[in-house]
Amino acid sequence: MKNIVVLVSGGGTNLQALIDAQSRGEIKNGKITCVVSSNPNAYALTRAESNNIHTEVIRRRDYDSFGDYDNALTQLLLGQKADLVVLAGFMTILGSTVIKAFENRIINIHPSLIPSFCGEGFYGLHVHEQALAKGVKVTGATAHFVNEICDGGPIIIQRAVEVQNRDTPEILQKRVMEQAEWKILPKAVSLFCEDKIIVKDNKTEILE
Ligand code: GRF
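Here the residue numbering is sequential within each chain, running from 1 through the sequence in written order. pLDDT decides what is reported in this predicted model: residues at 70 or higher carry local features, side-chain atom pairs at 80 or more are listed and counted, and totals for whole chains, interfaces and linings draw on all residues regardless. Only heavy atoms go into the side-chain values, all of them from the structure, while hydrogens and water stay out.

Trainee: Looking at this structure, how should I read the packing of aromatic side chains?
Mentor: To describe a pair of aromatic rings, one takes the distance between the centres and the angle between the planes. Classification of ring pairs uses Phe, Tyr and Trp, with its six-membered ring standing for Trp, and accepts pairs whose centres are within 6.5 Å; under 30 degrees between planes counts as stacked, over 60 as edge-to-face, and the remaining range as tilted. Counted under the stated rule, the structure contains four aromatic pairs. Plain terms: the ring middles of Phe-145 and Phe-192 are 6.3 Å apart, the flat faces sit at 70 degrees to each other, and that makes the pair edge-to-face. Separated by 47 residues along the polypeptide, Phe-145 in strand 6 (residues 138-145) and Phe-192 in helix 6 (residues 169-193) bring together distant segments of the chain. On the basis of relative accessibility, which here comes to 1%, the residue Phe-145 falls in the buried class. Classification of residues uses two cut-offs on accessible area relative to the type maximum, computed with a 1.4 Å probe and protein chains only: under 20% is buried, over 50% is exposed, and between them is partly exposed. A residue is classified by how much of its surface remains accessible, and Phe-192, at 11% relative accessible area, is buried. Three or more aromatic residues joined by ring pairs form one cluster here, namely Tyr-63, Phe-66 and Tyr-69. Here a helix means four or more residues in a row that DSSP labels H or I, a strand means two or more in a row labelled E, and each is numbered from the N terminus.

Take a look at the structure:
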């Protein structure tokens, strides 16, 4: 059984999707053992506590340098014996120490079809604002491994979502979450725990 540690900062609807998938037995060979928040007031922590999942808080501002923070987060994850780290709306940039320590073992969920609308500055509602500004007819979400390039790691699963007339960024964000993020993130996590993801040349092959 692999230990899954989920990193959050906010509302935690993706964490909830993972918890629900776990209760339905859809996370095969894995268990959410810890939720780490960058924000002590994140509602995601309440979701974890109501499901008896151990929680930790680590704030960037409690460390003098980014390097100290990077080391502390790495030690926390190693101390929790994480086999897989999931970024579910984690708003703090990861440093190279943690990325190297967990190479191809950190999964992020991004609310667009990478390589569209991704990279620096593309987070939260901004992603959907940019998709609407461009007038794309299809957007979606991507579950991918994290490497040192922002949103540049190997893609695991993508799912497309239609843009509709009169969408606002908020409406589109909700549709992308419901139809894509909450479905593909638990699926990607389960595939990882079942050792069904092979990474080669910054791409993945899924063994189904
Ligand atoms: C989601 O839109 C996700 O794609 C992005 O951050 C948001 C997190 O939302 N990375 P929640 O905290 O899971 O509700």
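Trainee: Sorry, what's going on with the sheet that holds strand 5 (residues 106-110) here?
Mentor: Here, any two strands with at least 2 DSSP bridges between them count as paired. Strand order in the open sheet formed by seven strands is 3-2-1-4-5-6-7, and the pairing between neighbours is mixed. One side of each edge strand has no neighbouring strand; the edge strands of this open sheet are strand 3 (54-57) and strand 7 (155-162). Strand after strand, the sheet turns through a mean of 20 degrees between neighbouring axes, direction not considered. One ladder, built from four bridges, connects strand 1 (residues 2-8) with strand 4 (residues 84-87); its direction is parallel. When the bridges of strand 4 are listed, Val-5 appears paired with Val-85. Contacts were defined at the residue level, with two residues in contact if any of their heavy atoms lie within 4.5 Å. Every axis in this analysis is a line fitted to C-alpha atoms, fitted for helices over the stretch in contact. Angles between the N-to-C directions lie between 0 and 180 degrees. Sheet contacts for helix 1 (residues 13-23): strand 1, strand 2 (30-37), strand 4 and strand 5; angle to strand 2, the most-contacted strand, approximately 160 degrees. Lying on the sheet, helix 6 is in contact with strand 1, strand 2, strand 4, strand 5, strand 6 and strand 7; it crosses strand 7 at an angle near 160 degrees.

Trainee: I tried to follow helix 1 on my own but got confused; where do I start?
Mentor: Two residues of an α-helix separated by three or four positions point the same way, owing to the 3.6 residues in each turn. Of all the residues in helix 1, the buried ones are Asn-14, Leu-15, Ala-17, Leu-18, Ile-19 and Ala-21. Check the buried side of helix 1 and you find it contacts strand 1, strand 2, helix 2 (43-50), strand 4, strand 5 and helix 6. Of the residues flanking the end of helix 1, it is Gly-25, one or two places downstream, whose phi is positive at about 80 degrees.

Trainee: What exactly am I supposed to notice about the layout of surface pockets here?
Mentor: One way to see where empty space is left: roll a probe the size of a water molecule over the atoms. The rule is simple: put a 1 Å grid over the protein atoms alone, call a set of points where a 1.4 Å probe fits but cannot get out a cavity, call an open set with protein on both sides within 12 Å along at least five of seven lines a pocket, and count a residue as lining if it has an atom within 4 Å of a point. Grid points are joined across faces, edges and corners, and a volume is the space filled by probe spheres set on the points. Taken as a whole, the largest pocket encloses approximately 930 Å³ of empty space. Lining the largest pocket we find 37 residues, and of these Gly-89, Phe-90, Met-91, Asn-108 and Tyr-123 sit closest to its centre. Looking at the lining of the largest pocket, the elements with two or more residues in it are helix 1, strand 5 and helix 6. For this scheme, ten residues count as nonpolar: Ala, Val, Leu, Ile, Met, Phe, Trp, Tyr, Cys and Pro. Four count as charged, namely Asp, Glu, Lys and Arg, and the remainder, Gly too, count as polar. Among the residues making up the lining of the largest pocket, the classes are represented as 15 nonpolar, 18 polar and four charged. Empty space within the second largest pocket amounts to approximately 180 Å³. Together, 13 residues line the second largest pocket, and Glu-26, Lys-183, Pro-186, Lys-187 and Ser-190 are the ones closest to its centre. The element contributing the most residues to the lining of the second largest pocket is helix 6, with five residues. Class assignment for the residues of the lining of the second largest pocket results in four nonpolar, one polar and eight charged.

Trainee: What is the right way to read the pattern of salt bridges from this model?
Mentor: Once the charged atoms of two side chains with opposite charge are near each other, the side chains can pair. Every case where a carboxyl oxygen of Asp or Glu lies within 4 Å of a side-chain nitrogen of Lys or Arg is listed as a salt bridge. This structure, assessed with the given rule, holds eight salt bridges. Between Lys-187 and Glu-208 there is a salt bridge whose closest N-O contact spans 3.7 Å. Placement of the pair is Lys-187 in helix 6 and Glu-208 in the segment after strand 9 (203-206), with a sequence separation of 21 residues. According to the relative accessible area criterion, Lys-187 is partly exposed, its value standing at 39%. Here Glu-208 falls in the exposed class, since its relative accessible area comes to 70%. Here Lys-196 and Glu-194 are joined by a salt bridge, their closest N and O atoms 3.4 Å apart.

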